Amino acid sequence: MSSAKISRTPVDPAVLFKAVFLAIVAIFVLVPLLATLLGGFKSLGELRVNPFGLPRHWEWQNYSDILFSARYWQLLRNSLIISSLAVVLTLITASMAAFTFAHVRFYGSSMLLSYLTLGLLFPAATAVLPLFIKVRDLGLLDTYFGVALPQVAFSLAMSVLLLRRFFKDIPYELLEAALVDGCSYIKFFRYVTLPLSRPILATVGTITFVNSWNAYLLPLVMLNTDALYPWPLGIMVYQGEYSSEWHLILAFITLTILPTIILFLLAQKHIVAGLTAGAVKG
Amino acid sequence: MARRIANSPAIGVAETPFSSLAVRGPAWDGRFTVLILFLPPALLLFTLFVVLPIGEAAWYSAFNWNGFGRPTNWIGFDNYRFVLETRAFWLALRNNGLIIAVSLAVQLPLALTLALMLAERFRGSVALRMLFFMPYILAEIATGLIFSFVYDGDYGLVASIWRSFGAEPPHLLASTDTSMLAVLIVIVWKYFGFHMMLFIAALQSLDKSLIEAARIDGATRLQALRHVVIPLLYPTIRLSVFFAIVGSLQLFDLVMPLTRGGPADSSNTMVSFLYNNGISRMRVGYGSAIGVILFAICVTFAFTYKRWFMRDE
């Protein structure tokens with residue numbers, strides 16, 4: 001059918017180049033991912049002789065052992081707790097601050113906003129040692145809050161900027177009408193601004209969640225107890241224990257990135273929106 | 001204090017000078033309460049966990065201190081001298097330079113080419129975009145572990161390619177000559193999709209009529225690209241360059257599972273150097289000095305870049 005038609009029309013070299021180029025990049029991206037997924041289904045011996053192909057004998061055991069281990073679920077639970085704390089605290093503090101910056105004019109407002117914006121400039125790593133000492137002095141070392149609070153602090157700059165811009169776009173007439181009707185600023189925030197801002201709240205929440213879920217340095221510095229480790233720390237420990245038993249490590253990696261990939265597929269719109277919204281700002 | 005809250009001119013009732021102090025009547029709209037309740041949490045967290053630690057890093061860097069008790073052993077600028085006298089520090093700095101160079105010379109052109117190919121919808125274009133963006137979503141730790149498998153001299157993909165040519169497989173991550181090259185490849189793999197998405201978003205918001213006008217005026221496709229599309233993308237390109245450089249300066253999570261900065265410091269970045277020398281040995285003064293140097297580099301870069309390249313934004 002269509003193949004006969006294709007063979008008769010001369011192939012446009014530009015199209016051919018594009019197809020080949022895209023295929024090469026796709027292979028470059030896919031091969032490590034597929035090898036990880038499939039490697040978890042192989043035995044160590046087969047991994048050595050057959051690292052690329054489909055498993056000749058599917059070792060479901062590798063995956064099921066991990067799925068039925070308390071360790072795996074504990075890591076996910078810890079990550080979920082820390083990331084949820086970070087998201088909830090970021091959304092509350094950032095939306096309140098953004099609302100004030102958007103709707104209340106006061107002396108020093110723009111100065112305070114630029115002060116917060118400074119947070120975009122430098123990485124958490126520059127101050128991680130004093131941060132460790134601060135968290136220790138506050139008695140938060142080895143607690144979920146000790147990891148989540150600095151993460152909130154570092155995500156505030158971007159979150160406040162994104163939310164403030166969205167809040168400003170809510171028509172001023174709406175606020176005016178509400179005030180005339182006797183509504184207060186706080187009620188307006190609670191019953192008008194927040195419900196109207198669901199898309200941007202979802203975007204800020206998703207970005208904060210992904211950053212916290214994937215974070216390594218802050219948990220590494222703030223947590224000493226294995227039982228509190230989020231999954232990036234846990235998987236490093238696991239890899240240390242099983243050093244060259246790659247079939248187990250690959251299965252473990254696959255199962256820990258699975259939640260990330262599911263989240264991405266569910267929240268793809270919000271992730272990309274946050275990325276480009278943050279980018280356009282400059 | 002309360003009088004300083006500027007009244008919104010559009011609200012008639014709020015125009016008397018003391019209206020925001022009035023507790024009863026329509027003028028009381030809670031603006032002052034918002035101000036004293038809504039700002040402090042964010043400002044407090046930000047000050048406590050972001051601003052103060054940076055100031056304290058500068059303070060601690062003047063001490064020889066292991067983090068216990070109070071810092072007492074004042075040594076002035078000696079920590080900075082010790083850092084600058086360490087060969088490994090300059091290696092780390094060079095590596096950050098290499099990462100920036102590869103990001104700008106390989107990653108961004110690749111991302112731009114792919115964006116130009118995938119900005120228009122065709123069968124599979126959305127799926128390809130998502131596939132190329134996928135590495136960016138993965139945690140650095142997971143990415144690093146996946147590639148330490150890929151590079152593994154016994155079980156890895158690279159090793160089996162070598163063996164199929166009948167050669168003894170190299171241990172790329174274990175050699176000082178190749179460790180950094182191996183890390184750079186992973187960096188391209190992980191981050192090109194992020195820049196591609198930025199470019200796609202920019203391309204989709206371009207005014208298409210300008211391109212059409214150029215085509216009608218007789219410009220070839222390549223000429224339109226060179227003289228219309230790329231210049232229109234400059235703001236995004238500048239931003240992408242900014243992200244690439246700031247990101248390169250902070251790279252850490254990816255290096256740890258791959259090489260931990262080794263062998264013999266050959267693949268350290270500034271942050272992994274800070275971690276290996278300051279944090280894991282709790283040399284707080286020394287580590288803080290590295291942090292302050294990194295901070296100075298980031299801030300100097302950010303301000304210079306903003307001033308020179310992003311003046312119009």
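Residues numbered from 1 in each chain as written. Chains lettered and ligands numbered in written order. Predicted model: local features only at pLDDT ≥ 70, side-chain atom pairs only at ≥ 80, totals over all residues. Heavy atoms only, no water.

In the annotation of an unreviewed UniProt entry, chain B is listed under the name Sugar ABC transporter permease and assigned to Bradyrhizobium ottawaense. Listed under Subcellular location (unreviewed entry) in UniProt, the entry text for chain B is "Cell membrane". Of chain B, the UniProt comment under Sequence similarities (unreviewed entry) reads exactly: "Belongs to the binding-protein-dependent transport system permease family." (UniProt positions renumbered as here; feature names shortened; annotations may be inferred.)

Naming follows an unreviewed UniProt entry, where chain A appears as Carbohydrate ABC transporter permease of Bradyrhizobium ottawaense. The Subcellular location (unreviewed entry) comment attached to chain A in UniProt states, word for word, "Cell membrane".

What am I meant to see in the packing of aromatic side chains here?
Here the distance between the centres and the angle between the planes together describe a pair of aromatic rings. Here the structure, examined in full by the defined rule, presents 37 aromatic pairs over all chains. With 5.0 Å between their ring centres and 75° between their planes, Tyr72 of chain A and Trp73 of chain A make a pair best called edge-to-face. Overall, the relative accessible area of 4% leaves Tyr72 of chain A in the buried class. Among the aromatic side chains, those forming a connected cluster through ring pairs are Phe264 of chain A together with Phe133, Tyr136, Tyr191, Phe194, Phe242, Phe243, Phe301 and Tyr305 of chain B. Directly above the aromatic system of Tyr191 of chain A lies the positively charged group of Arg190 of chain A, at a separation of 4.8 Å from the ring centroid. (Phe/Tyr/Trp six-rings, centres within 6.5 Å; stacked < 30°, edge-to-face > 60°. Buried < 20%, exposed > 50% of the residue type's maximum accessible area, 1.4 Å probe, protein only. Lys NZ or Arg CZ within 6 Å of the ring centre and 35° of its normal.)

Can you help me understand the interface of chain A and chain B in this one?
One widely used convention gives an interface's size as the accessible area the parts lose upon coming together. Counting residues at the interface gives 89 residues for chain A and 103 residues for chain B. Here chain A meets chain B over a buried area of about 8800 Å², counting both sides, of which 81% is carbon and sulfur. One can count three salt bridges joining chain A with chain B. Measuring nitrogen to oxygen at the nearest pair gives 2.7 Å for the salt bridge that ties Glu56 of chain B to Lys134 of chain A. Here chain A and chain B share 10 residue pairs in polar contact (both at pLDDT 80 or more) between them. Classifying every residue of the side of chain A that touches chain B by side-chain character gives 69 nonpolar, 13 polar and seven charged. (Contact = heavy atoms within 4.5 Å. Buried area = accessible area lost by both parts, 1.4 Å probe. Salt bridge = Lys/Arg side-chain N within 4 Å of Asp/Glu carboxyl O. Polar contact = N/O pair within 3.5 Å; in protein donor to acceptor, adjacent residues only side chain to side chain. Nonpolar A, V, L, I, M, F, W, Y, C, P; charged D, E, K, R; others polar.)

Teacher, can you tell me more about the UniProt feature "transmembrane region" (unreviewed entry) in chain B here?
The feature "transmembrane region" (unreviewed entry), as annotated in UniProt, sits at residues 34–55, 98–119, 131–151, 180–203, 224–246 and 284–305 of chain B in this numbering. Strand forms 0% of residues 224–246 of chain B and helix 100%; the C-alpha atoms that close the span are 31 Å apart. (Helix = DSSP H or I, 4+ residues; strand = E, 2+ residues; numbered from the N terminus.)

Just checking my understanding: could you explain the UniProt feature "transmembrane region" (unreviewed entry) in chain A for this structure?
Here the UniProt feature "transmembrane region" (unreviewed entry) sits at residues 20–41, 80–101, 113–133, 145–163, 200–223 and 246–267 of chain A. Spanning residues 80–101 of chain A, this segment combines 100% helix with 0% strand, and its end C-alpha atoms are found 31 Å apart.

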